[in-house]
Amino acid sequence: MRVAIFTTCIGDILGPDIAKATALILSRLGHDVVVPDKQTCCGQMHINTGYQREAVPQIENYVDAFSDPSIDCIVSPSGSCAAAVRHEHERIADRYGSAALRDGAAGTAKKTYELCEFLTDVEQLENVGAFFPHRVTYHSSCHSRRLLQLGDRPYRLLRAVEAIDLVELPFSEECCGFGGTFCVKNAETSAAMVNDKTRNIKSTLAEYVTSADYSCLMNISGTLSRQHSGIRSVHIAEILASTKEHPWTPDSAAYTKEFML
């Protein structure tokens, strides 16, 4: 299967190792992995902030980058971005774009998957051969929970990781407070929300907090760092890419060398 990776703009700029981990997982499963260089932002930030017409160029670019008929599936290590593509692109293209863009957006939306759902639903796998000997708790992001309805898919993948000590996060359904521009426009409310989230994370005594959304992890880990908690963040793709032979480490992505070979 030819699988394209949608790295997302925030992942590409601030968390490039997440895309590398995703590529490694998919290549280990035998897929022909491609990363279209035309891709940019999915337009989620514009859409969520109310600038839906202004998101049309981003939607056009996404369709242009990923509409290649040789691409069987599009996989993104971001629940919120996958949700924007699947639940917003066609609707906004129909309202502010053209019939051709609407049809193109419908086509790319149908083959776009978040990483966890691709592994469990398309590959029908839970154990991908990962090894991560650490105490971990999982944050379920709002978009992955409510729009994508990922359910227990991430938990099933994490439970299958060898040597992991997976602990339940209290009040896991609560938002971390990031919300794109929400954290800028409503900074005090956002800070209160992420403080609640980090207090619950610290109560688990976990070494790491993980999620399927880097934007949430960026917000959470920044607060944990300022609190000198000692708890690090790691994207679920990085956990699933880690093996005994090529383990993930907090200071360098050890699997990167394997991927580049």
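Details of the structure are given in the entry above.
All of these numbers come straight from a predicted model, not from anything done at the bench.

Quick notes on the rules
Throughout, residues of each chain are indexed from 1 in the direction in which the sequence is written. Local features in a predicted model are, by the rule used here, given only for residues with pLDDT of at least 70; side-chain atom pairs are given and counted only at 80 or more, and totals for whole chains, interfaces and linings are based on all residues. Note that the side-chain values use all heavy atoms of the structure and ignore hydrogens as well as water. What counts as a helix is a DSSP run of H or I of at least four residues, what counts as a strand is a run of E of at least two, and both are numbered from the N terminus. Here the term buried applies to any residue with accessible area under 20% of the maximum for its type, exposed to any over 50%, and partly exposed to those in between, with areas from a 1.4 Å probe on protein chains only. Strand pairing follows a simple DSSP-based rule, namely that at least 2 bridges must link the two strands. Whenever a helix is involved, its axis is fitted only over the stretch in contact; in every case the axis is a line through C-alpha atoms, and angles between N-to-C directions fall within 0 to 180 degrees. Within this scheme, the nonpolar core is defined by two criteria: the residues are buried Ala, Val, Leu, Ile, Met, Phe, Trp, Tyr or Cys, and they are joined through side-chain atoms within 4.5 Å. Note on contacts: a residue pair is in contact if any heavy atoms of the two residues lie within 4.5 Å. The arc refers to the directions leading from the helix axis to the C-beta atoms. Here the expected length of a helix is defined as 1.5 Å per residue gap, with one fewer gap than residues. Two rings from Phe, Tyr or Trp (for Trp, the six-membered ring) form a pair when their centres sit within 6.5 Å of each other. Planes less than 30 degrees apart are called stacked, planes more than 60 degrees apart edge-to-face, and all others tilted.

**As for the environment of K197**
Link 1 in the chain: Within the secondary structure layout, K197 lies in helix α12 (residues 187-203).
Link 2 in the chain: Taking the relative accessible area as the measure of exposure, K197 reaches 2% and is therefore buried.
Link 3 in the chain: Along the backbone, K197 and I74 are 123 residues apart, and their C-alpha atoms lie at a distance of 31 Å.

**Some details on the sheet that holds strand β8 (residues 232-235)**
Link 1 in the chain: In space, the 4 strands of this open sheet follow the order β6-β5-β7-β8, with parallel pairing throughout. Because the sheet does not close on itself, it has two edges, and the strands there are β6 (165-167) and β8. The average angle at which neighbouring strand axes cross in this sheet is 35°, direction not considered.

**A closer look at unusual backbone geometry**
Link 1 in the chain: Not every positive phi belongs to a glycine, and Q149 is a case in point at roughly 55°.
Link 2 in the chain: With respect to the element layout, Q149 can be found in the loop between α9 (142-146) and α10 (153-159).
Link 3 in the chain: Positive phi values are uncommon outside glycine, yet H228 reaches one of about 55°.
Link 4 in the chain: Take H228: it is sitting in the loop between α13 (214-226) and β8.
Link 5 in the chain: Under the relative-accessibility criterion, H228 is labelled exposed at 73%.

**Focus: the nonpolar core**
Link 1 in the chain: Ranked by internal contacts, the top residues of the largest apolar core, which has 33 residues, are L119, F132, I239 and L240.
Link 2 in the chain: Mapped onto this core, the elements with two or more residues apiece are β1 (2-5), α2 (16-28), β3 (73-76), α8 (115-122), β5 (135-138), α10 and α14 (236-241).
Link 3 in the chain: At 6 residues, α2 tops the list of elements feeding residues into this core.
Link 4 in the chain: Sequence-distant contacts of L240, that is, excluding residues within four places in its chain, are made with I25, R28, L119, V128, A130, L157 and V161.
Link 5 in the chain: Within the second largest apolar cluster, 13 residues are counted, among which are F6, Y62, I74 and A84.

**Here's the deal with helix α6 (residues 89-96)**
Link 1 in the chain: For α6, the set of buried residues is H89, I92 and A93. Projected down its long axis, α6 shows its buried positions confined to an angular sector of 100°, all on one face.
Link 2 in the chain: Elements in contact with the buried residues of α6: α3 (44-49), α4 (56-66), α5 (79-87) and α7 (99-110).

**Points about α7**
Link 1 in the chain: Between its terminal C-alpha atoms α7 stretches 17 Å, which fits the 16 Å expected from 12 residues at 1.5 Å a residue.
Link 2 in the chain: Listed in full, the buried residues belonging to α7 are L101, G104, A105, A106, T108 and A109.
Link 3 in the chain: The inward-facing, buried residues of α7 abut α4, β3, α5, α6 and β4 (112-114).

**Structural notes on the packing of aromatic side chains**
Any two aromatic rings considered together are summarised by their centre-to-centre distance and by the angle between their planes.
Link 1 in the chain: In this structure the tally under the stated criterion is 8 aromatic pairs.
Link 2 in the chain: On the numbers, 5.1 Å between centres and 85° between planes, the contact of F6 with Y62 is edge-to-face. With F6 in the loop between β1 and α1 (9-14) and Y62 in helix α4, the pair connects residues that are 56 residues apart, well separated along the chain.
Link 3 in the chain: What makes F6 buried here is its relative accessible area of 0%.
Link 4 in the chain: Judged by relative accessible area, Y62 falls into the buried class, the value being 2%.
Link 5 in the chain: Arranged with centres 6.1 Å apart and planes meeting at 65°, the rings of Y113 and F118 form a pair that is edge-to-face.
Link 6 in the chain: Since its relative accessible area comes to 22%, Y113 is described here as partly exposed.
Link 7 in the chain: Among the aromatic residues, those joined into a cluster by ring pairs are F6, Y62 and F66.

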